Amino acid sequence: MATQAAIELRNITKTFGHVVANKNVSLTVARGEILSILGENGSGKTTLMNMISGIYFPDEGEIFIDGKEAVITSPKDAFDYKIGMIHQHFKLVDVFSATENIVLGLNEAGKYNLEAAEDRVKTICERYGFEVEPKKKVYTMSVSEKQTVEIIKVLYRGADILILDEPTAVLTPQETQKLFAVLRRMRDDGKAIIIITHKLHEVLSLSDRVAVLRKGEYIGTVNTAETNEAELTEMMVGKKIELNIHRSEPKNTVPRLEVHHIDCTNREGVLVLDDVSFTANSGEILGIAGIAGSGQRELLEAIAGLQKLDSGAVLYNNPQTGNMDNLCSKTPLQIRELGVRLSFVPEDRLGMGLVGNMDIVDNMMLRSYTKGKGVFLERKPPKELAEHIIDELEVVTPGVNTPVRRLSGGNVQKVLVGREIAAAPTVFMAAYPVRGLDINSSYTIYNLLNQQKEQGVAVIFVGEDLDVLLELCDRILVIGSGRVNGIVDARTATKEEIGLLMTKTDGGKQNG
Amino acid sequence: MADTTVKKHREPLLHIAKRDDMVWWKACLIRLSAILLALLLVGIISSLLTGEGFGGVYSIMLRGAFGRIFQGKTSLLWRFFQQTAILLCLSLAVTPAFKMRFWNCGAEGQALIGGLAAMVCMMKLGGKMPEWLLIVVIVVFSCLAGAVWGVIPALFKAHYKTNETLFTLMMNYVATQIVAYYVYLTGKGSGIIQPVSTGNLPVIAGLPYLLNILIVCVLMVVLFVYLKYSKHGYEIAVVGESQNTARYIGIRVKKVIIRTMLLSGALCGVAGLLLVAGTDHSINTNTVGGQGFTAIMVSWLGHFNPFVMALISGLVVFLRSGAGKVADSFFLNGSFADIVSGVVILFLVGCEFFIRYSVKIRRGKKGGNA
């Protein structure tokens, strides 16, 4: 390449205790180029970028910017080198407007002049095609608008090396396309762009080159034009794996759970579920798609008896008695006493599903500790269950007495899902069960969900990756702002269709 | 383009890394050396202040805490065990609440009100019923009084989410003032209540403190089993770790909070009972003497393990009385004992840092600028 690399990393190593987060990573990014950093969760992508943006300092290795060695010990240093990072979690002041957030903390020469700043913001917007109103307050913005503000913030500060950490995780397919268009325009403008992601198709459609990390080690860089999904996966995982989900036809379906017109208001007085109705059938996987925070969590918690409902009914078709039991306004304990076998893998694994500081045995006991006579605990059955799950699901752990917080994300999830399946459920609900998991663990979880379906369990699966939802589920319920925007057949629907339903706001109510 | 000024390397020299869990004996070794190091420092400070040699200071401390055991005098030794027992009892009392992450800072008041209940029973009912029945009544009312004092903040916490730290602290003042008022009424303006001879806990084997010590030993074992092996103990642990998890599996969080504070308060009541009916046979506003607050520290330093807490209580009492003796011998004032305890506890708390983290010196970087 004729031009000098905008940024070059040489043999960067960073360790946290005994964990090697990055080991001898070397890579370069040129101006006018988009580089993807691809790797599974925990492969050290974010750590590497944090070293460029001054949050961590490398244990070993050097960083060169425009051919000169740079020492970046703080985010301020990074700004001086014109490096801007857009974090996964936005750092904006809600009650401020877009422009106020953009100039916040900036020590510009001269008087504080908001109008001049607004003009500059507008210029940046026009140049790259951003759509944002400079005077709009952040709390009224959508996730995608907030992200735009974050990007303008670093551009305003004159950054010409941009790092984006998982920017598409919170966006709909349409918003993602828009973001990509902007990124391409910035590339053509001569900026160096690094984007962290684990989504293969995005890598292929956006970047010029891909650098792959695996377990902290730098595997290699390939030109996007010369590679394909299979090769990248192999680089990421270290071995060839089959990325197909086997989907069987639902058999002997009966309506197991009927949700009728439920409304739910949260503590802040916001309506989070608005007239939601649907039916979950046995022997079927019902997917729930929607932008994060559209009421998915409340919906599952309402069914599990953890949310008070304003109105509506949750009817459970009890296969033992043949009765329709109303689960509405019952506590989890009362629901279990009814003989309802409802398992729930919540989104917050270590904060709700499990207790991080307890060992695997005590976590197994969460569901069963009331069993047994007397005031004392019986640790033997949960211990046997723990050993069984470790064996069956290949949980990597030093032993049954290891606190679960010290297991890796995938193993934590196996422990939780294993416990919930061990309860022999008739309804199995899982919220984002593969979030943060590596590819192998993800497919283990998909297979477990499929097994449950084949055993006649009504499975409800809240997911974020539309590709997976379309491959795994039988039907997909699309939720938007607490309303059911539609229920589609996963075998025929397309991603764009679901994306449109996710953002539909015309209040179109449908009953499923 | 980046500035052309070449920045100097100014990397941090030390860096701190989190350790994996340490082997238990290594952790014990670190804690032990922290205590020894602190005692060494205490020795140096004392020598400097008093002009007495090293060995002299330590022997005065030992004599102050345990008395002249080798000359067959055991009264100070028994006092040492008695004080340890009382402190341990209060520490045991706050532990279930702490395990539930309910910051019960009201052990002082709960014990005082329990002691007051015992005192009232002793004075009003003494001689009106058989002695054994009186003692039963005293036990019941002391526990009840402590439990009520403990459960009031718990009810507010469970139903209105009030801050339990402030609430329990304020309850201490109420208890102290009630006792002050009672002493004023009964003492007829003299400000003291003469020791009462009815309703005293029995003396066994001619040793006045033995029963107190045995009761606390039994409580220690019972509480250990309760926290570790009972369903209640498990519920307490789950509620403490995560109320969300507790809700998720159907534990009634409010019920657990209230039940645990009833227990915590009742145990404080027992401590008050031991102080009033078992030791002083009288009461004043200083009967508990701040040990309700020391107990908070003992519970934490003992990592909520009753057996470790017994050792810590012993250490605290040893320092208090040992340093007190040093202060007396050399006409230093009472703050000396506080300084000594402070130094040791600071070391003990500080060494936890080295158990959780290791400090490394950054390897020198090869030179060479761009």
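Rules behind the numbers
Residues numbered from 1 in each chain as written. Chains lettered and ligands numbered in written order. Predicted model: local features only at pLDDT ≥ 70, side-chain atom pairs only at ≥ 80, totals over all residues. Heavy atoms only, no water. Helix = DSSP H or I, 4+ residues; strand = E, 2+ residues; numbered from the N terminus. Rg over C-alpha atoms; globule rule 2.2 N^0.38 Å. Buried < 20%, exposed > 50% of the residue type's maximum accessible area, 1.4 Å probe, protein only. Contact = heavy atoms within 4.5 Å. Polar contact = N/O pair within 3.5 Å; in protein donor to acceptor, adjacent residues only side chain to side chain. Pairing = 2+ DSSP bridges. Axes fitted to C-alpha atoms, helices over the stretch in contact; angles between N-to-C directions. Buried area = accessible area lost by both parts, 1.4 Å probe. Salt bridge = Lys/Arg side-chain N within 4 Å of Asp/Glu carboxyl O. Nonpolar A, V, L, I, M, F, W, Y, C, P; charged D, E, K, R; others polar. Domains from an automatic or database assignment. Expected span 1.5 Å × (residues − 1). Disulfide = S-S within 2.5 Å.

## Observations regarding the overall build of chain A
Within chain A, the secondary structure is distributed over 17 helices and 20 strands. Here chain A has a C-alpha radius of gyration of 25 Å; the compact-globule value for 512 residues is 24 Å, and the two agree. By principal-axis analysis of the C-alpha atoms, chain A measures approximately 75 × 50 × 45 Å. Counting over 512 residues, chain A shows a buried share of 56%.

## With respect to the environment of Arg349(A)
All names here are of chain A. Note on placement: Arg349 falls in helix α11 (residues 349-353). The spatial distance from the C-alpha of Arg349 to the C-alpha of Tyr432 is 9.9 Å, given a sequence separation of 83 residues. Filtering out sequence-adjacent residues up to four positions away, Arg349 remains in contact with Leu354, Gly409, Val412, Gln413, Leu416, Tyr432, Pro433, Val434, Arg435 and Leu437. Polar contacts involving the side chain of Arg349 include one to the side chain of Gln413, which spans 3.4 Å.

## Observations concerning the sheet that holds strand β14 (residues 311-317) of chain A
All names here are of chain A. One open sheet holds the 4 strands; their spatial order is β12-β11-β14-β15, and the pairing between them is antiparallel. With one partner strand each, in any of the chains shown, β12 (271-281) and β15 (324-326) form the two edges of the open sheet. For this sheet the average axis-to-axis angle between neighbouring strands, irrespective of direction, equals 20 degrees. Sheet topology note: the β14/β15 ladder contains 3 bridges and is antiparallel. Residue pairing in the sheet places Asn317 in a bridge with Met324 of β15.

## With respect to the sheet that holds strand β19 (residues 475-480) of chain A
All names here are of chain A. If you trace the 6 strands from one edge of the open sheet to the other, you get β16-β17-β18-β13-β19-β20, paired in mixed fashion. Each end of this open sheet is capped by a strand with a single partner; those strands are β16 (342-345) and β20 (483-489). The mean inter-strand angle of the sheet, taken between neighbouring strand axes irrespective of direction, is 15 degrees. Note: β19 against β20, 6 bridges, orientation antiparallel. From the neighbouring strand, Ile479 faces β20, where its bridge partner is Val484.

## Re the interface of chain A and chain B
Listed as interface residues are 53 residues of chain A and, on the opposing side, 38 residues of chain B. Together, the buried faces of chain A and chain B total about 3,800 Å²; carbon and sulfur atoms form 53% of this surface. Looking at the side of chain A facing chain B, the largest losses of area belong to Glu69(A), Met352(A) and Tyr369(A), adding up to 15% of the total buried there. Here chain A is connected to chain B by 0 salt bridges. The interface formed by chain A and chain B holds 19 residue pairs in polar contact (both at pLDDT 80 or more) in total. Those elements giving two or more residues to the side of chain A that touches chain B turn out to be β4 (60-65), β5 (68-70), α2 (75-80), α10 (332-337), α11 and α14 (409-422) of chain A. Here the side of chain A that touches chain B takes 4 residues from β4(A), the largest share from any one element. The residue makeup of the side of chain A that touches chain B, split by class, is 21 nonpolar, 11 polar and 21 charged.

## Considering the domain arrangement of chain B
Residue and element names in this part refer to chain B. Each assigned domain of chain B is listed here: domain 1 (9-52 + 330-370) and domain 2 (76-322). Here the C-alpha centre of domain 2 lies 33 Å away from the C-alpha centre of domain 1. Every contact between the two is made by 11 residues of domain 1 and, on the other side, 7 residues of domain 2. Carbon and sulfur atoms make up 84% of the area that domain 1 and domain 2 hide from each other, which totals about 730 Å². Summed over the three residues of domain 1 that lose the most area to domain 2, namely Ser341, Ile345 and Leu348, the buried surface amounts to 45% of that side. Taken together, the links from domain 1 to domain 2 amount to 0 salt bridges. Here domain 1 and domain 2 share 1 residue pair in polar contact (both at pLDDT 80 or more) between them. Among the elements of the structure, α1 (24-50) and α13 (335-356) are those that each provide at least two residues to the side of domain 1 that touches domain 2. If you tally residues by element for the side of domain 1 that touches domain 2, the top one is α13, at 8 residues. Within the side of domain 1 that touches domain 2, the residues separate by chemical class into 8 nonpolar, 1 polar and 2 charged.

## Description of the environment of Ile241(A)
Residues and elements named next belong to chain A. Relative to the helices and strands, Ile241 resides in the loop between α8 (229-237) and β11 (255-265). The sequence separation of Ile241 and Pro433 amounts to 192 residues, and the corresponding C-alpha distance is 20 Å. Leave out the neighbours within four places in its chain, and Ile241 touches Thr233, Ile439 and Asn440.

## Some remarks on helix α7 (residues 210-229) of chain B
Residues and elements named next belong to chain B. Compared with an ideal rise of 1.5 Å per residue, which puts 20 residues at 28 Å, α7 spans 28 Å between its outermost C-alpha atoms and is within 8% of the ideal. Taken together, the buried positions of α7 are Leu210, Leu211, Asn212, Ile213, Val216, Met220, Leu223 and Leu227. If you follow the buried residues of α7, they end up packed against α3 (75-99), α8 (231-241), α10 (253-280) and α12 (306-329).

## Considerations on the state of the cysteines
Residue and element names in this part refer to chain B. Within this structure, the stated rule accounts for 0 disulfides over all chains. Cysteine Cys105 is unpaired, with the sulfur of Cys268 as its nearest cysteine sulfur at 11 Å. What makes Cys105 buried here is its relative accessible area of 14%. Looking at the unpaired Cys143, the closest cysteine sulfur is the one in Cys89, lying at 9.4 Å.

## Topic: unusual backbone geometry
The phi angle at Tyr432(A) is positive, at roughly 40 degrees, despite the residue not being glycine. Inspection of the secondary structure assignment puts Tyr432(A) in the loop between β17 (427-431) and α15 (439-454). A positive phi is found at Arg101(B), a non-glycine position, where the angle reads about 60 degrees. Residue placement: Arg101(B) occurs in the loop between α3 and α4 (107-125). Classification of Arg101(B) as partly exposed rests on a relative accessible area of 42%.

## Some points on the side chain of Thr426(A)
Residues and elements named next belong to chain A. Checked against the element boundaries, Thr426 lands in the loop between α14 and β17. Of the residues examined, Thr426 reaches a relative accessible area of 11% and is grouped as buried. Aside from chain neighbours lying at most four places away, what touches Thr426 is Arg256, Tyr316, Pro319, Arg341, Val457 and Ala458.

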